[in-house]
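Residue-level structural notes
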Amino acid sequence: MSIKPPVVWCVGESDSSANVGLQADLGTGQDLGCHVQTIVTCITAQNHKEVRSVEAVSLSMFDEQWQTLLDDVPPDAIKVSLLPSIEIVKACSIWLKRIKADFPTVLVVFDPVIAASCESGNLLQQDSVGASLLESLLPYVDVITPNSIEFERLTGLSAQQSVVDIQGQLAAYLSSSRCAWLLKAGHSNSEQATDWLVNRDSIIGFACEKLVVQNTRGTGDALSIALAGFIAHGYDLLDAMTMAQAYITGALKTDVEIGKGIGSLGRPGWPLQIENLPAIVSPNMNTKASTTLPFAKMDLKKMGLYPVVDSVDWLERVLKQGVKIAQLRIKDPDDADLESKIQQAITLGKEYGAQVFINDYWQQAIAFGAYGVHLGQEDLDVADLEKIQAAGLRLGISTHGYYEIARAQSIQPSYIALGHIYPTQTKDMPSQPQGLTRLAHYATLLKGAFPTVAIGGINAERLPSVTQTGVDSVALVTAITKAVNPESATRSLIMSFEQYARDES
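Residues numbered from 1 in each chain as written. Predicted model: local features only at pLDDT ≥ 70, side-chain atom pairs only at ≥ 80, totals over all residues. Heavy atoms only, no water.

1. Re the pattern of salt bridges
Convention followed: In the sections that follow, a salt bridge refers to a side-chain nitrogen of Lys or Arg positioned within 4 Å of a carboxyl oxygen of Asp or Glu. Classification of residues uses two cut-offs on accessible area relative to the type maximum, computed with a 1.4 Å probe and protein chains only: under 20% is buried, over 50% is exposed, and between them is partly exposed. Think of it this way: any DSSP run of H or I at least four residues long counts as a helix, any run of E at least two long counts as a strand, and we number them from the N terminus.
If you walk through the whole model with that rule in mind, you get nine salt bridges. Residue E50 is joined to R52 by a salt bridge in which the shortest nitrogen-to-oxygen separation is 2.8 Å. A residue is classified by how much of its surface remains accessible, and E50, at 29% relative accessible area, is partly exposed. Owing to a relative accessible area of 65%, R52 belongs among the exposed residues under this scheme. With a closest N to O distance of 2.5 Å, K100 and D142 form a salt bridge. Of this pair, K100 sits in helix α3 (residues 86–102) while D142 sits in the loop between α4 (130–137) and β6 (143–144); the two residues are 42 residues apart in sequence, bridging distant segments of the chain. An identical accessibility class is assigned to K100 and D142; each is buried. Via salt bridges that share partners, D25, K79 and D221 belong to a single interconnected network.

Rendered as structure tokens:
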């Protein structure tokens, strides 16, 4: 069986010590299942302690590398790092402009390496290069990832101010290009390191505990290639950023002892450890979207087949067949009988000993003593999570990728829903279907931490494969409501889930 890995082009320096530069990019890219192709900008003689020499390649060789690769396989993402001379900077911008014209979906990550991160901290490019970097490259870059030192040298702005003030002072850059700025906090003195993703409309923080380790050489390089690698795998920027942060945390926890001086990062593999996920924060954190205690636990023995229905009648029909978890999703908030229907659903849940969740209407769920409430991501900004928690209700949260999982896990809900797995007929979705590979990664990531529910486009034929990913529950809608015999279909689906869940365990 042939495998076609995503292709990442890495533009940067050759490092004789393989701690940073293209050699490190190759290792990280392969660790994440990418095929890395390289465009060398310069040859460096360096080790763990110092950079002794930097020699740029000729302009003709630089151009020939681009053209040779372009004649063969176009990239899925591009990472650009050290550009040692003005001539190389200008040539790189010309090539990026061409790539963007011919392949507009290819995203470019720019890590503006200026000085080495080894003990010597040597400058790696001509002093005159810095001023031309932003003007030449930003129009063709999707994310720029400077640390605080690089940020100050490139912009002339102070990194020692609030991120909100920085966003204001970056207004000219943000309005003239679509490039987002990832402001890295690795050089800060705080106990928590928060990297801020800033664009013209938003500021999103990715916060991790600052680890006290010696092996930090090439952290910025690894973050940018990991970011490009996850983008090449098809993840959007927020998911890719969340995953890259988790990857770096795992790498910092993996010791590698080679040479003297500041040590190298490890290769932790695909990010599947929930403790490595960053916390998602904002400059003005919404207290309504933050709780200090976990929500009430689910009864895992009552997980399994999870019908999502739009009426009390349908709810009673599935509960009669032995379903022990279900959701009432009434789409019309102006329904004259809304409160009565919610009360009936709660009563049915108690009558059949089932875990019945109310979708969206958290105020009514609290008022009438529901077992639980299910919220989408947009609801987290407006719902009073502290009230829901204080009332003893369970909370389920919809997610559509790593970023939303990271956001959800900091709230400590009762379960996390993962979707949509396949194309769905029940609602328009802004995201792409997740598929089984991603679902399996999510299930592994959350195993033992939060119960999981797979949802979206799942039918009887797809149920076995979905169940075998290790999720705790599978939500279905039309597989039941559009079945010729809904009662028989429900019983069959329950048996199918239980069979394949046993096989998986």
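2. Here's the deal with the pairing of strand β11 (residues 305–309)
Note the cut-off: Here, strands pair whenever DSSP counts at least two bridges between them. Looking down the strands as they point away from the viewer, one classifies a crossover as right-handed if the path from the first strand across the helix to the second runs clockwise.
Here β11 lies mainly inside the structure; five of its five residues are buried. Of the two faces of β11, both are covered, the one formed by L305, P307 and V309 as well as the one formed by Y306 and V308. In this sheet, strand β18 (residues 473–476) lies alongside β11 in parallel orientation, the contact comprising three bridges. Its bridge partner lying in β18, P307 is registered against L476. The sheet contact formed by β11 and strand β12 (residues 325–328) spans two bridges and is parallel. Across the sheet, V308 pairs through a bridge with Q327, a residue of β12. Considered for its hand, the β-α-β crossover made up of β11, helix α10 (residues 312–320) and β12 is right-handed.

3. Focus on helix α5 (residues 148–155)
Under the convention used in this document: The arc refers to the directions leading from the helix axis to the C-beta atoms. Distance and chemistry together define a polar contact, namely a pair of N or O atoms within 3.5 Å, with one atom able to donate a hydrogen and the other to accept it when in protein, and with adjacent residues in sequence counting only for side-chain atoms on both sides.
For α5, the full list of buried residues reads S148, E150, F151, L154 and T155. Looking down the long axis of α5, one finds its buried residues gathered within 160° of arc, a one-sided arrangement. Capping the start of α5 is the job of one residue whose side-chain oxygen sits 3.1 Å from the backbone nitrogen of I149: N147. Looking one or two places after α5, you find G156, whose phi comes out positive at around 75°.

4. Here's the deal with the state of the cysteines
How we decide: Disulfide assignment relies on a single distance test, namely cysteine sulfur atoms paired within 2.5 Å.
In total, this model carries zero disulfides according to the counting rule given. Cysteine C42 remains unbridged, with the sulfur of C92 as its closest cysteine sulfur at 12 Å. We note that C92 lacks a disulfide partner, and the nearest cysteine sulfur, in C10, lies 12 Å from it. Given the relative accessible area of 0%, C92 is considered buried.

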